Amino acid sequence: MARKTKKAVALLLTSALAVTALAGCNGGGEEPVPAPVQTSTPIETKVEKIDLKAPEVVKYIKDTMASEAKDGRIVLKVWCSSDDMDFEKSRAEEFKTLFGDSRYELKIGFSEKGEDKAGTAVIENPKKAADVFSFPDDQLSSLSKNGAIASVALYYEGNVKDENTADSLEVSTLNNELKAYPKTSDNGYFLYYDKRVYTDESVLDNMDEMIKVAKENGKNVYLELGGPWYTTGFFFTAGCEIKFENGKQTAKLANEKGLAAARAMCHIAESQDQGFVGNPGAMGGNAFVAQGFDEGTLAAAVIGTWCGPAIKKAIGVDNVGAAKLPKVLMDGEYKQLESFGGYKLLGVSVYSEYPFSAQTLAYFFSSEDSQKARYETRGLLPTNKALGEDPEIKKDPAFKALEDQKPFAHAQGTSVGSVYWGAGVGDVGGKAVDKHGQRTDEELMEQLQGIEANMKA
């Protein structure tokens, strides 16, 4: 290893392992609260780009991990979704094979924590959070504001910046500081469909026509209208102002634009169980889609790449098509349905007892090899630039569908914050489905006003 690289890593570890003196006990007799073992201040000296498999790099990483082992052990905890659990465990075994050493016992434990809940859980109890956790890009601002996420180690920063797309790096950066490792580029949704049902691709441009064809074939089109992640697309389409800036949520829905979006949902919900399904029930959207294609009850579904492998298995790879979202009837004309678009990221807890080991694991999980394996196993599209040019990935219909939807996709991180998700946005579509679209303008406006009030509460 070059002398410059060793010096930089030494500086990194000196900063990362610094521990502030314990605070004094308070009058209540509680245990003193230790300061975080990592600093969020970036180290000025950068290192050259490394090859994670180079023998000298592997040796140096092992030496560094050995220096922070406690009683001969390194124990790392990982949070990920239930869908990702098996895959991430397999990558952890690869990590242990590469970086295991006789000087320490390397243990990596996993707990289920959906990405949508990870950021909140870290903030609520940062000292008990996982060392490495997955989360969507819209949570980065809150994690950073609350001092719960460590900056990307400068030992890996050069690699991360060199290997990933500009868009994914932008959402992983705050105040010119790289705060997270890009993991996947497909935190958005589009249309999967059965090419045996939709032989005329022009039909895919119109939701009403899609529902009609599905009904004629004894099947349904699925779009979850009871969840805010999907229904927000209607409000975007209507031109509603929805943004999240400097920790402040703006969502102006209680107006004519918001009412137009709600009416559009009601129009689609009129076809509930007659060519359309807007509620997956207790089984959840992912399982509902997999079962629907497998049993032949679904002709199309608005969902993301995570369901791609299950759909391909159900109807055969050659029968799977993907496209941008269809147009929906809104205020008397068909308008392109918009959506969220974003990225999944990996974060490292600022309280990790094994900061360099945790950073190394996070980089390993986000490396080109891991992203490729993740695509091959889970169907999740990479942020890695080289993989974006991979012929096999580029010919995946989901890849083109996401690219075609991008002009109509809104960045989740700058659109919504945590208060938005619990304000009742999904209930607009949910009640529309329950009532088969039979709701008055007065009812809809009252509901929209309630959502705005919830966000201000």
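In this text, all values refer to a predicted model and were calculated from it rather than measured experimentally. (Residues numbered from 1 in each chain as written. Predicted model: local features only at pLDDT ≥ 70, side-chain atom pairs only at ≥ 80, totals over all residues. Heavy atoms only, no water.)

Student: Describe in detail the overall build of the protein chain, supporting the description with residues and values.
Tutor: Within the protein chain one finds 21 helices and 18 strands. Taken across its 457 residues, the protein chain has 54% of its residues classed as buried. Sequence-distant contacts, at least 24 apart, represent 76% of the contacts inside the protein chain between residues at least 6 apart. Summed over all atoms, the accessible surface of the protein chain reaches about 19900 Å², with 47% contributed by carbon and sulfur. (Helix = DSSP H or I, 4+ residues; strand = E, 2+ residues; numbered from the N terminus. Buried < 20%, exposed > 50% of the residue type's maximum accessible area, 1.4 Å probe, protein only. Contact = heavy atoms within 4.5 Å. Areas by Shrake-Rupley, 256 points an atom, 1.4 Å probe, with all protein chains shown as cover.)

Student: An account of the packing of aromatic side chains is requested, with residue identities and associated values reported.
Tutor: Across all of its chains, the model carries 18 aromatic pairs by this definition. For the pair Tyr189 and Tyr230, a centre-to-centre distance of 4.7 Å together with 50° between the ring planes defines the contact as tilted. Of this pair, Tyr189 sits in the loop between strand S6 (181–184) and strand S7 (190–194) while Tyr230 sits in helix H9 (residues 228–238), and the two are 41 residues apart along the sequence. Here the two residues Tyr189 and Tyr230 agree in accessibility, since each one is buried. Judged by centre distance (5.8 Å) and plane angle (55°), the ring pair of Phe340 and Trp421 falls under tilted. One end of the pair, Phe340, is in strand S16 (residues 339–341); the other, Trp421, is in helix H19 (residues 418–421), with 81 residues separating them in the sequence. Positioned above the aromatic ring of Trp79, the side-chain terminus of Lys113 is 4.9 Å from the ring centre. Of note, Lys344 hangs over the ring of Trp306, and the distance from its end group to the ring centre comes to 5.9 Å. (Phe/Tyr/Trp six-rings, centres within 6.5 Å; stacked < 30°, edge-to-face > 60°. Lys NZ or Arg CZ within 6 Å of the ring centre and 35° of its normal.)

Student: Would you mind going over the side chain of Asn384 in detail, with residue names and values included?
Tutor: For Asn384, the location among the structural elements is in the loop between helix H14 (368–378) and helix H15 (385–388). When near neighbours in sequence (up to four residues on either side) are disregarded, Asn384 contacts Glu163, Asn164, Glu368 and Gln371.

Student: Give a description of the sheet that holds strand S2 (residues 105–112) that names residues and reports values.
Tutor: Spatially, the five strands line up as an open sheet ordered S2-S1-S3-S17-S6, and their pairing is mixed. Of all strands in the sheet, those with a lone pairing partner are S2 and S6, marking the two edges. Averaged over all adjacent pairs, the angle separating strand axes in this sheet is 30°, with direction ignored. Both S6 and strand S17 (residues 344–348) contribute to a ladder of three bridges, which runs antiparallel. Bridging across to S17, Pro182 finds its partner in Leu345. The strands touched by helix H4 (residues 115–124) are strand S1 (73–80), strand S3 (132–136), S6 and S17; relative to S3, the strand with the most contacts, the crossing angle is about 120°. (Pairing = 2+ DSSP bridges. Axes fitted to C-alpha atoms, helices over the stretch in contact; angles between N-to-C directions.)

Student: I'd like a description of the pattern of salt bridges, backed by residues and values.
Tutor: Tallied over the entire structure, the rule returns 30 salt bridges. Of the charged contacts in the structure, one is a salt bridge between Glu115 and Lys183, with a shortest N-O distance of 3.8 Å. You can see Glu115 sitting in helix H4 and its partner Lys183 sitting in strand S6, a full 68 residues away along the chain. No difference in accessibility class separates Glu115 from Lys183, as the two residues are buried. (Salt bridge = Lys/Arg side-chain N within 4 Å of Asp/Glu carboxyl O.)

Student: Explain the pairing of S3 to me, using residue names and the numbers behind them.
Tutor: Counted residue by residue, S3 has five buried out of five residues, so it is predominantly covered. Of the two faces of S3, the one carrying Val132, Ser134 and Pro136 and the one carrying Phe133 and Phe135 are both buried. In terms of strand pairing, S1 meets S3 through two bridges, oriented parallel. Each bridged residue has a counterpart across the sheet, and for Val78 the counterpart in S3 is Val132. Relative to S17, S3 is paired through five bridges, and the arrangement is antiparallel. In the sheet register, Pro136 faces S17, and the bridge partner there is Lys344.

Student: Requested: an account of the packing of H9 against helix H20 (residues 425–434), with residues and values cited.
Tutor: One way to put it is that H9 packs onto H20 with a least axis distance of 8 Å and a crossing angle of 90°. In terms of their interaxial angle, H9 and H20 are classed as roughly perpendicular. Residue-level contacts link Pro228, Thr231, Thr232 and Phe235 of H9 to Val425, Gly426, Val428 and Gly429 of H20. Counted by class, the contact of H9 with H20 contains four nonpolar, four polar and no charged residues. (Parallel < 35°, antiparallel > 145°, perpendicular 65-115°, else oblique. Nonpolar A, V, L, I, M, F, W, Y, C, P; charged D, E, K, R; others polar.)

Student: Lay out the sheet that holds strand S8 (residues 220–222) with the relevant residues and their values.
Tutor: Read from one edge of the open sheet, five strands run S11-S8-S12-S7-S13, paired in mixed fashion. Bordering the open sheet on either side are strand S11 (276–277) and strand S13 (320–323), each of which pairs with just one other strand. Alignment of S7 against S13, held across four bridges, turns out to be antiparallel. In the strand pairing of S13, Tyr192 is matched with Ala322. In the packing of helix H11 (residues 285–295) onto the sheet, the strands contacted are S7, S8, S11 and strand S12 (298–303), and the crossing angle to S12 comes to about 155°.

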